[in-house]
Amino acid sequence: MTQTFSAGRRRFLTGAAIGASGLALGGCGSLFKAATTTPSLFTLVSATGFAAGPQVPWQLVVEEPLASRAIDTDYIALMPSTTEVKYFDNARWAERAPRMVQTLLVESFENSGRIVAVGRQAVGLRADYNFVSELREFQAEYRNGLGKPPVIRVRLSVKMILQPQQIIVAARSFEVSRTLTTNDMAAIIAGFNDALGDTMHQAVDWALAQKNTNTGKLL
């Protein structure tokens with residue numbers, strides 16, 4: 001699925017990625033040593049380019065995704081094996097990964113142009129649905145050794161919870177992987193951006209297809 005992103009945020013992503021492309025990835029020691037300089041900060045961009053469709057007649061609260069301790073951090077995770085988690089040296093997300101994904105999901109719903117109102121819990125929105133998710137995979141996987149380009153893997157498990165009944169009316173998991181051809185931070189961040197963008201695009205399209213079963217009822 002082809003993704004398009006806002007020009008301003010793309011420039012930020014590209015510039016930040018190029019600025020950090022000098023981070024050494026060839027030697028194992030350079031990946032895991034304690035950072036001795038100020039780390040480069042990275043953010044990703046929301047999905048756009050949604051197909052035209054009817055506006056849904058309901059409001060949505062997007063909750064911050066749940067995540068394991070390995071992912072619930074501003075460190076950028078990598079897995080040298082299926083049972084070990086490490087982090088890139090001198091590179092960080094601009095905020096905790098689940099918080100960043102929540103922000104990007106809200107923006108992605110807005111970018112669809114098909115929803116009356118969407119926001120975080122903190123804004124006090126009276127929602128028809130809560131979009132509850134768990135960020136289960138968000139890492140670079142070095143399946144062929146640290147000297148080879150990684151696979152970026154993103155998996156988001158999502159539930160639509162009808163309000164005020166607190167009933168789960170739909171649930172689905174979305175998973176996207178991107179196999180990189182180069183092993184540097186510019187390519188790694190771009191891979192995360194592409195994989196997460198595709199995941200969010202699918203999740204937003206799916207959520208917007210849900211029907212509000214409260215319509216016409218006295219609550």
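Everything here concerns the structure above.
Numbering of residues begins from 1 in every chain and follows the order in which that chain's sequence is written. Side-chain atom pairs in this predicted model are given and counted only at pLDDT of 80 or more, local residue features only at pLDDT of at least 70, and totals for whole chains, interfaces and linings cover all residues. Note that water and hydrogens are dropped before the side-chain values are worked out from all heavy atoms of the structure.

Structural notes on unusual backbone geometry
Part 1: With an omega of 5 degrees, the peptide bond between Gln163 and Pro164 qualifies as cis.
Part 2: Helix and strand assignments follow DSSP, with helices taken as H or I runs no shorter than four residues and strands as E runs no shorter than two, numbered in order from the N terminus. Secondary-structure assignment places Pro164 in the loop between strand 8 (151–162) and strand 9 (167–179).

Focus: the packing of aromatic side chains
Part 1: Between the rings of Phe, Tyr and Trp (Trp by its six-membered ring), a pair exists once the centres lie within 6.5 Å; its type follows the angle of the planes, with under 30 degrees stacked, over 60 edge-to-face, and the other angles tilted. Across all of its chains, the model carries eight aromatic pairs by this definition.
Part 2: Ring geometry for Trp93 versus Phe138: centroids 5.6 Å apart, planes at 35 degrees, classification tilted. Here the residue Trp93 occupies a position in strand 5 (residues 84–93), and Phe138 occupies one in strand 7 (residues 129–141), the gap between them amounting to 45 residues. A single burial state applies to Trp93 and to Phe138, both of which are buried.
Part 3: The interplanar angle of 80 degrees and the centroid separation of 5.3 Å between the aromatic rings of Phe109 and Phe131 together place this pair among those described as edge-to-face. Of this pair, Phe109 sits in helix 3 (residues 97–112) while Phe131 sits in strand 7; the two residues are 22 residues apart in sequence, bridging distant segments of the chain. Per residue, the accessibility class of Phe109 equals that of Phe131, and both read buried.
Part 4: Every member of this aromatic cluster is reached through a ring pair, and the members are Trp93, Phe138 and Phe192. Whether a residue is buried, partly exposed or exposed follows from its accessible area with a 1.4 Å probe, protein chains only, as a fraction of its type maximum: under 20%, in between, or over 50%, in that order.

A word on the pairing of strand 7
Part 1: The buried count for strand 7 comes to eleven of 13 residues, which makes it a mostly enclosed element.
Part 2: Two elements, strand 2 (residues 56–62) and strand 7, share three bridges in a ladder whose sense is parallel. Considered in strand 7, the bridge of Val61 is made with Asn130.
Part 3: With two bridges joining them, strand 3 (residues 66–67) and strand 7 adopt parallel strand pairing. Among the inter-strand pairings, Leu66 is bridged to a residue of strand 7, identified as Glu134.
Part 4: Judged from the two bridges that link them, strand 4 (residues 75–81) and strand 7 form a sheet pairing that is parallel. Bridging from a neighbouring strand, Met79 pairs with Glu141 of strand 7.
Part 5: Here the rule is simple: two strands pair whenever DSSP picks up at least two bridges between them. Two strands pair when backbone bridges link them, and strand 7 and strand 8 are joined in this way by twelve bridges, in the antiparallel orientation. Bridging from a neighbouring strand, Val132 pairs with Lys159 of strand 8.

Comments concerning the pairing of strand 5
Part 1: Strand direction decides the pairing type here: strand 1 (residues 40–42) and strand 5, joined by three bridges, are parallel. Across the sheet, the residue bridging to Phe42 is Trp93, located in strand 5.
Part 2: Alignment of strand 4 against strand 5, held across four bridges, turns out to be antiparallel. Residue pairing in the sheet places Leu78 in a bridge with Lys86 of strand 5.

It is worth stressing that arrangement in space is one thing and function is another; only the former is reported here.
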